[in-house]
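Listed below are the residues making up each chain.
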Amino acid sequence: MKTGYTLLIALLLLACQSNTEIDINSENLLIGNWIDSSYDNETITFQRAVSLNENAPGISFKENSVFIQRTSGWCGTPPLTFYDNQGTWKSQESLILISLENFPGNFQWRIISLDNNQLIVKRELSEQEIDHQNLMNLFDEISTLSHSISCTDSNNWSFTPYGTKACGGPQGFIAYSNEIDTVQFLQKVEAYNLAEKQYNIKWSISSTCDVPQQPTSIECQNDYPVFKY
């Protein structure tokens, strides 16, 4: 009787151990469940787990290229409700490319460190994000020139359309002083318009098809140009 009881206890212990043992894919250590994320500047550290916690954030890399992000969204007000944001993943050497059905959409991580127990990644800009950043840098140059002179006499000011909607037409209108190098300014605007058109085509961007109203004149208010319609 005592021997049978001992055997039963041993079997139960073995069952418990098998339920908590982490299955590690030796050919791809990335595959599995990762929880207990901690942030340090630009890096994120995850700990490997048997499964994702029901009410805590975590991520899963599946063998069939399925990626699961368990999240409560961006609302930090208790009580938090966690759900699975599903997408796909693929790796290119040390780079992980992730595409989610919902926000944040497409992004990528650079693997800093990966072993049986821990994953450390760093957020890295995608090609689309880099293209968009370059586009915004060009617009910043235009905006800086536009605001480089205070508006004191509206007769010395003009405006021009800028940007290219995916559906066609400009994004809006921008004012500029005739006292700046207008040739250079308009060349930059034209370069920006072309760059945005190419960006829209390359990344299949969609937009509304409404046409922005064109101003009829400019007035100077508190040293700033203000459109009148």
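Analysis parameters
Residues numbered from 1 in each chain as written. Predicted model: local features only at pLDDT ≥ 70, side-chain atom pairs only at ≥ 80, totals over all residues. Heavy atoms only, no water. Helix = DSSP H or I, 4+ residues; strand = E, 2+ residues; numbered from the N terminus. Buried < 20%, exposed > 50% of the residue type's maximum accessible area, 1.4 Å probe, protein only. Contact = heavy atoms within 4.5 Å. Areas by Shrake-Rupley, 256 points an atom, 1.4 Å probe, with all protein chains shown as cover. Pairing = 2+ DSSP bridges. Axes fitted to C-alpha atoms, helices over the stretch in contact; angles between N-to-C directions. Core = buried A, V, L, I, M, F, W, Y, C linked by side-chain atoms within 4.5 Å. Salt bridge = Lys/Arg side-chain N within 4 Å of Asp/Glu carboxyl O. Polar contact = N/O pair within 3.5 Å; in protein donor to acceptor, adjacent residues only side chain to side chain. Disulfide = S-S within 2.5 Å.

Novice: Help me out: how do you make sense of the overall build of the chain in this one?
Specialist: Across its full length, the chain holds 3 helices and 12 strands. Taking all 229 residues of the chain together, 30% fall into the buried category. The contacts in the chain between residues at least 6 apart in sequence include a share of 46% that link residues at least 24 apart. For the chain, the computed accessible surface area is about 14,800 Å², with 50% contributed by carbon and sulfur atoms.

Novice: Explain the sheet that holds strand 7 (residues 106-114) to me, please; I cannot follow it from the model alone.
Specialist: The antiparallel closed barrel is built from 8 strands, whose spatial order is 1-2-8-7-6-5-4-3. Across the sheet, the mean angle from the axis of one strand to that of its neighbour is 35°, orientation sign disregarded. Sheet topology note: the strand 3 (residues 58-61)/strand 4 (residues 66-71) ladder contains 4 bridges and is antiparallel. Opposite Gly58, over in strand 4, you have Arg70 as the bridge partner.

Novice: Is there a simple way to think about the nonpolar core in this case?
Specialist: Grouped together as the largest cluster of nonpolar side chains are 17 residues, with contacts concentrated most on Phe46, Phe61, Trp89, Ile96, Ile98, Trp109 and Leu119. Secondary structure elements with two or more residues in this core: strand 2 (43-49), strand 3, strand 6 (95-100), strand 7 and strand 8 (118-124).

Novice: Any chance you could explain the pattern of salt bridges here in plain terms?
Specialist: A side chain with one charge can pair with a side chain of the opposite charge if their charged atoms come near. Enumeration over the complete set of coordinates arrives at 9 salt bridges. Note that Glu42 and Lys122 form a salt bridge whose closest N and O atoms lie 3.3 Å from each other. Of this pair, Glu42 sits in the loop between strand 1 (32-40) and strand 2 while Lys122 sits in strand 8, and the two are 80 residues apart along the sequence. By relative accessible area, Lys122 is classed as partly exposed at 32%. Salt bridges linked by common partners bring Glu127, Asp131 and Lys202 together as one network.

Novice: Even after reading the chapter, I still don't get the pairing of strand 8, so can you show me in this structure?
Specialist: Here 5 bridges tie strand 2 to strand 8, and the two strands are oriented antiparallel to one another. Counterpart to Phe46 in the pairing with strand 8 is Leu119. The antiparallel hairpin formed by strand 7 and strand 8 contains 3 residues in its connecting segment.

Novice: Just to check I follow, could you spell out the pairing of strand 2 for this structure?
Specialist: Consecutive residues of a regular strand have side chains that alternate between opposite faces of the sheet. Burial of strand 2 is extensive: 5 of the 7 residues sit out of reach of the surface. Pairing between strand 1 and strand 2: 6 bridges, direction antiparallel. By the bridge assignment for strand 2, Trp34 is matched with Arg48.

Novice: What is the right way to look at the side chain of Asn33 in this model?
Specialist: On the secondary structure map, Asn33 appears in strand 1. Among the polar contacts made by the side chain of Asn33, one reaches the side chain of Ser60 at a distance of 2.4 Å. Setting aside chain neighbours within four positions, we find Asn33 in contact with Gln47, Arg48, Ala49, Val50, Ser51, Leu52, Ile59, Ser60 and Lys62.

Novice: Looking at this structure, I do not really get unusual backbone geometry. What am I missing?
Specialist: With the exception of glycine, most residues fall at negative phi, and the peptide bonds are largely trans. Located in the positive-phi region is Asp36, a residue other than glycine, with phi close to 50°. Looking at the secondary structure, you find Asp36 in strand 1. Phi at Asn41 is positive, roughly 55°, even though this residue is not glycine. Here Asn41 is to be found in the loop between strand 1 and strand 2.

Novice: When you look at the state of the cysteines in this model, what are you seeing that I'm missing?
Specialist: Applying the stated criterion across every chain yields a total of 2 disulfides. The partner cysteine of Cys151 in its disulfide is Cys220, sulfur to sulfur 1.9 Å. Across the S-S bond linking Cys151 and Cys220, the dihedral sits near -65°, which makes this disulfide left-handed. Residue Cys151 is found in the loop between helix 2 (127-146) and strand 9 (157-162), and its partner Cys220 is found in strand 11 (residues 217-221); the two are separated by 69 residues along the sequence. Each disulfide pairs two cysteine sulfurs, and for Cys167 the partner residue is Cys209, the sulfurs being separated by 1.7 Å. Negative torsions about the S-S bond denote left-handed disulfides, and the value of about 85° found for Cys167 with Cys209 makes this one right-handed. Of this pair, Cys167 sits in the loop between strand 9 and strand 10 (172-177) while Cys209 sits in the loop between helix 3 (182-202) and strand 11, and the two are 42 residues apart along the sequence.

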